Amino acid sequence: MSSLSSNLLKISNRLILGLRVKKEFNALDLVQVLSGLRITVIRDEVGLIILHTPTHIPLFTNVHRDRMRQLLSRWVDYVEPLPSGITLGIIDNAITNFSEVKPGKAILESQGSTPSIITICRLSNDQVKYSLFLRGSTHGKTDLFSCNNKAFLPQLRDNVNLVLKPSPRPGSTFMTIYYPIDIDLTRHLVVLGATGSGKTTLVKSLIINALQKNIFNRIIIFDPTGEYSLFLTGRGYIAIPGIDIAVNPLTLSRHRASELLSMAIQAAALLYGENDNGGFSFIQLEILDKALERVGDRNTLKDLYMALNDLEQEFRRNDYLNAISAVRRRLRKVMIAALMRNALSTSAVRSRLLVINMAPLYFVSQVAAVVFTLTFLEVFSSMFSNSFIVIDEAHRILNRYVIGESIIERLIREGRHDGTTLILVTQNPLDVKRNVLDIVGHYVVFKLNGKSAVEAADLLGIDKEEIIRLKPLEFYYHGNDITVKVYIMDNPGANYLVSSDVIYRRLLEKVDDQDYVSNMIRRFGRSLNPILVPQVIELGGRLGYDVRSIIQLAARKDPEYYRLLSRVVIGED
């Protein structure tokens, strides 16, 4: 094993080495092979070990180092050294938060969930000295490295539970009780939590982390509210469906196009009640398939709509006529510019960070937004090799009661063979297909309540009360058999222009300065709430609005502005 110089500490004439638990094991098995060394075992949310010497004599420095090196070599599958700075932080935390159990109480039963620390000094094959510490108030600092009680090893094994759970690798982004960690960006991740619990704050941190580490070819964010768009303005390209990005579901195979349209309509019907009677019935699916057959080389949703008109001339049975009417009524929801062709602007293609601002499309049609997301992921799948993809409000697409397998489920099921990482964010685990949650196996869980907390607790293997009691910006992280409570240390915040309101106020202050207005719209317009793009201003101009009036309508979120925006997104003008 390489030199331990970067991991060793010297405190009070002792050599000290912190160890992270990689694989669950009983620390008493390690005690049996100690030779001239002592261990302090921390049994808390995770397992940690501090390996140390008796009071150190410089003459024996190399001897002690060799003993530590030999022990690590034998236990390499179970433990690994921690950086010295991390070890020092663990010790400082422990000595101020744990107090020693009085010697007269001998061995205490600590089999439950109470965090405990025990320092053990081996005397012989079956006898040890130990000191036991429990979390609680202290008077000053506790001497963690003392051994004040005698016991036989079998007696200790029977009374003290020292089975240690794995602990996460040290990192720099999020804080556990003992040291900062990072979230594994190489695995698909599900982020669960109620509104205001910290989900978006965490995902912003993950995006910045992915950008800084430069380990992905492309980062793509589906932004349902516009919040990520404003936060990431200036770092990447903000695309608006129907304006400079579009997809056509009918360029997929006939079977896949039918399945995709059906899943999207089911999802929107279940969540928003946009369509009566849920998804397509069997007879409606039959009609849809027949219409897709008729489309032939014509492959737009308008062509599909016309094919349904043709079918209406042929079928005279009431059940078929009703089915044709139902399918046609639902197709009207998706006959918009964003779903008529496959198009991606040059700027979007070239950008390493692509934020798709879905807010305008969700305002126009929930069904169209779901169809767009699913179709984009299939049509432009060649872009996704070694990509980082964030889908916020994923329950809109992966609803538990929707029949059929979406492209997202297929990506999850097939693993990360192409290097793609999916981050799925949702408020309610009960809305997401359970097989998706089970396959991913990598979770961040913020505060939840009721049945949602029960579902999340089942995923993590902890009590639901632990999830209900979480405070904002606190969460449980579960991955690689590790479940640990984590705290967000820093809020990434917003850009220096904090909100859409600030930008709109500045636009109105200088509305007569055409260059200023043009530059602000070019820089921030795609990320505002609501968005302000040249196409809306041009349409407004044709309808008799001047620029000042349009900006005023947008700033106060006037319904008339949304009507203008909808016409642009739909492609009516």
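- In the nomenclature of an unreviewed UniProt entry, the chain is known as AAA+ ATPase domain-containing protein of Vulcanisaeta souniana JCM 11219.
- Per its UniProt entry, the chain bears the Sequence similarities (unreviewed entry) comment "Belongs to the HerA family."

## Let's talk about the state of the cysteines
No. 1: Summed over the entire model, instances satisfying the criterion amount to 1 disulfide.
No. 2: Covalently, Cys121 is tied to Cys147 through a disulfide, its sulfur atoms 1.8 Å apart. An S-S torsion of about 70° defines the bridge between Cys121 and Cys147 as right-handed. With Cys121 in strand S8 (residues 116–122) and Cys147 in the loop between strand S9 (127–135) and strand S10 (149–152), this pair connects stretches of sequence that are 26 residues apart.
No. 3: Cys147 sits in the buried class, given a relative accessible area of 11%.

## Things to note about the sheet that holds strand S24 (residues 482–488)
Strands in a sheet are paired, the pairing made by backbone hydrogen bonds, and the direction either parallel or antiparallel.
No. 1: Pairing is mixed in the open sheet, where 11 strands are placed in the order S13-S12-S24-S23-S22-S14-S21-S20-S15-S19-S16. Either end of the sheet is taken by a strand with one partner, and the two such strands are strand S13 (180–181) and strand S16 (237–239).

## Here's the deal with empty space enclosed by the protein
No. 1: Summed over all chains, the structure comprises 2 cavities of 30 Å³ or more.
No. 2: A volume near 50 Å³ is recorded for the largest cavity.
No. 3: Considering the residues around the largest cavity, the lining is formed by Phe222, Asp223, Pro224, Met358, Tyr362, Thr373, Ile391, Asp392, Glu393 and Ile397.
No. 4: For the lining of the largest cavity, the residue count by class is 6 nonpolar, 1 polar and 3 charged.
No. 5: Its volume calculated, the second largest cavity comes out at about 30 Å³.
No. 6: Along the walls of the second largest cavity sit Met263, Leu374, Ile397, Val402, Gly404, Ser406, Glu409 and Lys433, which together make up its complete lining.

## Details of unusual backbone geometry
No. 1: With an omega dihedral of 0°, the bond running from Asn529 to Pro530 counts as a cis peptide bond.
No. 2: You can see Pro530 is positioned in the loop between helix H19 (514–524) and helix H20 (534–542).
No. 3: The backbone of Asn214 shows a phi angle near 55°, a positive value even though the residue is not glycine.
No. 4: Tracing the backbone through its elements, the reader meets Asn214 in the loop between helix H5 (199–213) and strand S15 (218–223).
No. 5: What makes Asn214 exposed here is its relative accessible area of 53%.
No. 6: At Lys557, a residue that is not glycine, the phi angle is positive and equals roughly 55°.
No. 7: Residue position: Lys557 is located in the loop between helix H21 (547–555) and helix H22 (559–570).

## Thoughts on the side chain of Ser566
No. 1: Within the secondary structure, Ser566 sits in helix H22.
No. 2: Within the local environment of Ser566, its side chain forms a polar contact with the backbone oxygen of Tyr562, the two atoms lying 2.7 Å apart.
No. 3: If we skip the residues at most four places from it in the chain, Ser566 touches Phe363 and Val364.

## Overview of the environment of Arg434
No. 1: Relative to the helices and strands, Arg434 resides in helix H15 (residues 434–440).
No. 2: When the C-alpha atoms of Arg434 and Leu398 are compared, they prove to be 9.7 Å apart, with 36 residues separating the residues in sequence.
No. 3: Dropping the residues within four chain positions of it, Arg434 is found in contact with Arg400, Glu455, Asp458 and Leu459.
No. 4: Within the structure, the side chain of Arg434 is placed 2.8 Å from the side chain of Asp438, a separation counted as a polar contact.

## A short note on the nonpolar core
No. 1: The biggest cluster of nonpolar side chains holds 114 residues, and the ones touching the most others in it are Phe222, Leu304, Phe372, Phe376, Ile408 and Leu532.
No. 2: It is helix H13 (residues 366–379) that provides the largest number of residues to this core, a total of 9 residues.
No. 3: Of all hydrophobic cores here, the second largest spans 53 residues; its members include Ile117, Ile181, Ala210 and Val484.

## Brief notes about the packing of aromatic side chains
No. 1: For the coordinates displayed, the defined rule picks out 12 aromatic pairs.
No. 2: With a centroid separation of 6.5 Å and 80° between ring planes, the pair formed by Tyr561 and Tyr562 is classed as edge-to-face.
No. 3: Positioned above the aromatic ring of Phe231, the side-chain terminus of Arg235 is 5.1 Å from the ring centre.
No. 4: Above the ring of Tyr362, the side-chain terminus of Arg396 is found at 4.0 Å from the ring centroid.

## A word on the pattern of salt bridges
No. 1: For the coordinates displayed, the defined rule picks out 22 salt bridges.
No. 2: For Lys213, the salt bridge identified is with Asp182, shortest N-O distance 3.8 Å. Residue Lys213 is located in helix H5, and its partner Asp182 is located in the loop between S13 and strand S14 (189–192); the two are separated by 31 residues in the primary sequence.
No. 3: Residue classification places Lys213 among the partly exposed positions, given a relative accessible area of 39%.
No. 4: Of the charged contacts in the structure, one is a salt bridge between Asp438 and Arg434, with a shortest N-O distance of 2.8 Å. With Asp438 and Arg434 both in helix H15 and 4 residues apart, this pair spans about one turn of that helix.
No. 5: Given a relative accessible area of 43%, Asp438 falls into the partly exposed group.

## Describing the pairing of S24
No. 1: Burial analysis of S24 places 6 of its 7 residues in the buried class, the great majority of the element.
No. 2: Relative to S24, strand S12 (residues 170–175) runs antiparallel, the two being bridged by 2 bridges. Of the residues in S24, the one forming a bridge with Phe174 is Ile488.
No. 3: Hairpin connection of strand S23 (residues 474–479) to S24: 2 residues between the antiparallel strands, including Asn480 at a positive phi of 55°.

## A short note on helix H18 (residues 500–509)
No. 1: Buried within H18 we find Ser500, Val502, Ile503, Tyr504 and Leu507.
No. 2: On the buried face of H18, the contacting elements are helix H6 (227–231), H19 and H21.

## Focus: the side chain of Ser131
No. 1: With respect to the secondary-structure elements, Ser131 resides in strand S9.
No. 2: Using a relative accessible area of 0% as the deciding quantity, one classes Ser131 as buried.
No. 3: Of note is the side chain of Ser131, whose polar atom sits 3.3 Å from the side chain of Glu100.
No. 4: Only 3.0 Å separates the side chain of Ser131 from the backbone oxygen of Ser146, close enough to count as a polar contact.
No. 5: For Ser131, the contacting residues outside a window of four places in its chain are Glu100, Ile117, Ile118, Thr119, Ser146, Cys147, Asn148 and Asn149.

Calculation notes
Residues numbered from 1 in each chain as written. Predicted model: local features only at pLDDT ≥ 70, side-chain atom pairs only at ≥ 80, totals over all residues. Heavy atoms only, no water. UniProt positions renumbered as here; feature names shortened; annotations may be inferred. Disulfide = S-S within 2.5 Å. Helix = DSSP H or I, 4+ residues; strand = E, 2+ residues; numbered from the N terminus. Buried < 20%, exposed > 50% of the residue type's maximum accessible area, 1.4 Å probe, protein only. Pairing = 2+ DSSP bridges. 1 Å grid on protein atoms, 1.4 Å probe; cavity = no way out; pocket = protein on both sides within 12 Å on 5 of 7 lines; lining within 4 Å. Points joined across faces, edges and corners; volume = space filled by probe spheres on them. Nonpolar A, V, L, I, M, F, W, Y, C, P; charged D, E, K, R; others polar. Polar contact = N/O pair within 3.5 Å; in protein donor to acceptor, adjacent residues only side chain to side chain. Contact = heavy atoms within 4.5 Å. Core = buried A, V, L, I, M, F, W, Y, C linked by side-chain atoms within 4.5 Å. Phe/Tyr/Trp six-rings, centres within 6.5 Å; stacked < 30°, edge-to-face > 60°. Lys NZ or Arg CZ within 6 Å of the ring centre and 35° of its normal. Salt bridge = Lys/Arg side-chain N within 4 Å of Asp/Glu carboxyl O.

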